[in-house]
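Descriptive analysis of the structure
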Amino acid sequence: MNNVVQISDFPAQPATVDSDTLELTSSLPDGYALFDDGVYALAEEEAGEPIFICSPLRVDAGFADLAGTGWGKLISVKSPDGVWHDVPVMNAHVTRAPGDVVARLVNHGLELGPERKCKELLLALLGRWKPTRRMTSVSRLGWVGENRSAFALGKNVIGQGAFLPLLDLARGPAAHLVTNGSLSTWKTDIGMKCRGNPMMVLAVSLAFSGPLLACVGMDGGGLHFRGASSSGKTTLLHLAASVWGSADLITQWRATSNGLESIAANLNDILLPLDEIAEISARALQETIYMLANGTGKARMTKGITPDEIQRWRLALISSGEISVAEKLKEAGQRQMAGQEARLIDIEADSRAHGAFDDLHGSETAAMFADMLKAAAKTSHGAVGHAFVRGMLDHQDKVDNVVRTLFAKLCKESLGKLPQESDGVVSRVAQRFALVGVAGELATAFKLTGWDEGDAHKFATAAFLDWHDRIHGAKHEGLANVIVPIQQFLTAKLDTLPEVGTLVSSDPIGWKDASRVFLTADCWHQIYPGSTAATAATALMKMSLLLLGEDGRHMKKAPRAIPGRPRLYTLKIADVMRYKPI
């Protein structure tokens with residue numbers, strides 16, 4: 001299609017090497033030996049007996065973070081059932097709490113020798129063991145480093161290099177960043193079912209947008225799908241969550257602000273699905289939207305009365321509920337701020353042919369279609385997100401350029417469809433929809449979705465225009481009645497008006513210069529008869545099309561080059577003509 005950048009030459013599933021498949025090496029220090037049954041300390045004298053320290057153990061690598069701090073060693077322990085377990089141990093912990101380190105190794109299946117000094121011998125061995133292999137530790141999900149050379153996702157770090165995930169995935173939504181089923185099954189059972197369903201394409205494209213935020217330098221944010229009960233809005237959350245993991249990724253809005261902060265920090269560069277916005281208090285909602293979108297947690301103090309590290313993140317948000325953010329805030333007598341609307345954009349999710357759906361793909365009812373989709377998401381999830389990140393990494397230079405180019409193009413196209421130049425909030429909303437469209441197009445180019453090229457862009461643009469019409473449409477319809485008469489006048493008469501500074505033999509109805517037109521009161525009343533003259537002037541002033549006169553007057557004193565410097569109606573020609581009535 002000619003309205004999207006061609007990116008379809010990307011391969012469907014680029015091959016990469018995950019860090020957990022890289023071969024690890026180790027070198028046992030002198031004075032020790034590793035046999036099938038365990039590690040021994042060799043006797044200093046030839047006649048002495050070796051001392052059994054523990055069951056099989058290796059130190060496979062040393063590691064530190066990207067800043068060169070947080071040094072430690074990756075210890076592999078062989079449990080009684082014959083399985084090797086990787087146990088990262090910080091050097092500081094060995095020094096500060098050696099007993100805890102030994103206990104942790106024992107918890108993973110290590111068996112100490114019978115002699116009382118085996119614990120000390122083990123700690124001495126760990127201190128002397130200098131592995132030749134070096135790894136880079138990763139302590140949070142998402143992109144690794146400023147150059148985004150790898151991506152931590154679940155228990156894996158995808159990308160070229162030796163990375164060691166140090167992530168607490170035992171609790172919270174991050175524990176549900178898992179894969180089940182195959183990519184082809186997800187594409188057939190979910191991706192293809194999105195065809196002909198704009199809301200579904202929008203939700204899934206939003207899920208893909210998390211990793212793109214860093215590429216275009218955007219803060220987090222997303223879409224709130226609002227609709228009646230059983231309309232399919234929660235199903236959209238299940239589809240979005242299936243890109244990255246199981247349905248357990250979906251969190252309830254009723255979680256505390258501190259709880260949501262921790263959850264968001266653990267889903268960096270990915271997606272946070274939130275259900276049932278009605279369940280959070282109105283006062284908490286206002287603060288939470290800003291916190292989640294801005295990606296900064298609260299400042300806290302440690303027990304040592306020193307500043308604790310502030311949690312930071314950047315992610316895509318998808319929300320659902322029967323009421324809008326504005327309606328929820330009204331419960332506490334609060335008004336929705338423009339910044340909140342730009343961060344979590346309200347979408348009517350129940351206005352399609354079948355609630356949130358248009359094409360039921362053979363299902364008899366929307367409820368049956370929704371149940372089928374949820375069942376599919378339960379059996380097929382996570383693989384497509386991994387494939388999407390791999391595609392980005394294996395073509396990073398090309399992807400970055402394509403994403404930025406297409407993002408700028410779609411933003412410009414969307415704003416160009418509006419009736420007048422947009423303000424800051426509208427521009428930010430347009431950017432969010434543009435990024436969603438880009439993400440869907442990129443996933444389609446990787447042959448992950450089963451959609452036609454241009455679908456994601458088309459539906460994202462339509463959703464933006466629907467949002468703009470719903471929020472600003474009535475106002476613009478009224479303003480069109482003000483704009484059209486002055487546009488018609490300028491079209492017919494602008495060329496006949498004298499330039500400011502030229503000599504004229506009679507009294508003109510106005511003047512012009514390179515960017516402005518200056519109209520007399522008589523001319524204004526011909527364009528806007530009777531009481532409409534003042535109403536039109538006020539409306540045009542609010543739109544910043546009519547320049548404000550002294551003391552807030554509708555008429556502004558003329559430039560010195562106009563004889564007598566009368567007060568005139570002064571308008572910006574290009575801005576007036578740029579306005580497109582709807």
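I will try to describe carefully the structure that is included in this document.

The rules behind these values
- Residues numbered from 1 in each chain as written.
- Predicted model: local features only at pLDDT ≥ 70, side-chain atom pairs only at ≥ 80, totals over all residues.
- Heavy atoms only, no water.
- Helix = DSSP H or I, 4+ residues; strand = E, 2+ residues; numbered from the N terminus.
- Buried < 20%, exposed > 50% of the residue type's maximum accessible area, 1.4 Å probe, protein only.
- Contact = heavy atoms within 4.5 Å.
- Core = buried A, V, L, I, M, F, W, Y, C linked by side-chain atoms within 4.5 Å.
- Pairing = 2+ DSSP bridges.
- Axes fitted to C-alpha atoms, helices over the stretch in contact; angles between N-to-C directions.
- Parallel < 35°, antiparallel > 145°, perpendicular 65-115°, else oblique.
- Left-handed = near helix turned anticlockwise from the far one by under 90°.
- Nonpolar A, V, L, I, M, F, W, Y, C, P; charged D, E, K, R; others polar.

Positionally, Ser363 belongs in the loop between β16 (344–348) and α12 (366–379). Using a relative accessible area of 18% as the deciding quantity, one classes Ser363 as buried. In contact with Ser363, not counting residues within four places along its chain, are Met368, Phe369 and Met372.

All right, on to helix α5 (residues 198–208) then. Working note: α-helix, 3.6 residues per turn, so residues spaced by three or four point in the same direction. Counting buried positions over the eleven residues of α5 gives eleven, a clear majority of the element. Within α5, the full set of buried residues consists of Pro198, Met199, Met200, Val201, Leu202, Ala203, Val204, Ser205, Leu206, Ala207 and Phe208.

This paragraph deals with the environment of Gly530. Its place among the elements puts Gly530 in the loop between α17 (521–527) and α18 (532–542). Under the relative-accessibility criterion, Gly530 is labelled exposed at 54%. Residues Gly530 and Asn180 lie 350 residues apart in sequence; the distance between their C-alpha atoms is 71 Å.

To continue, consider the nonpolar core. Nonpolar side chains in soluble globular proteins tend to be buried together. In terms of nonpolar packing, the biggest core is built from 114 residues, with Phe225, Trp244, Trp253 and Phe388 touching the most fellow members. Ranked by residue count, the leading element in this core is helix α15 (residues 424–445), at twelve residues. One finds Ile483, Ile486, Phe489 and Leu519 within the second-largest nonpolar core, a separate group that totals 28 residues.

The next thing to look at is the sheet that holds strand β19 (residues 556–557). Strand order in the open sheet made by the four strands is β17-β18-β20-β19, with antiparallel pairing throughout. Lying at the two open borders of the sheet, with one neighbouring strand each, are β17 (510–512) and β19.

On to the packing of helix α7 (residues 233–242) against α12. Closest axis-to-axis distance for the α7/α12 pair is 9 Å, and the angle between their directions is 25 degrees. As summarised for this structure, α7 and α12 are arranged roughly parallel, according to the angle between their axes. Of the two elements, α7 crosses α12, and the hand of that crossing is left-handed. Residues Thr235, His238, Leu239 and Ser242 of α7 lie in contact with α12, whose contacting residues are Ala370, Leu373, Lys374 and Ala377. Here the contact of α7 with α12 is composed, by residue class, of four nonpolar, three polar and one charged.

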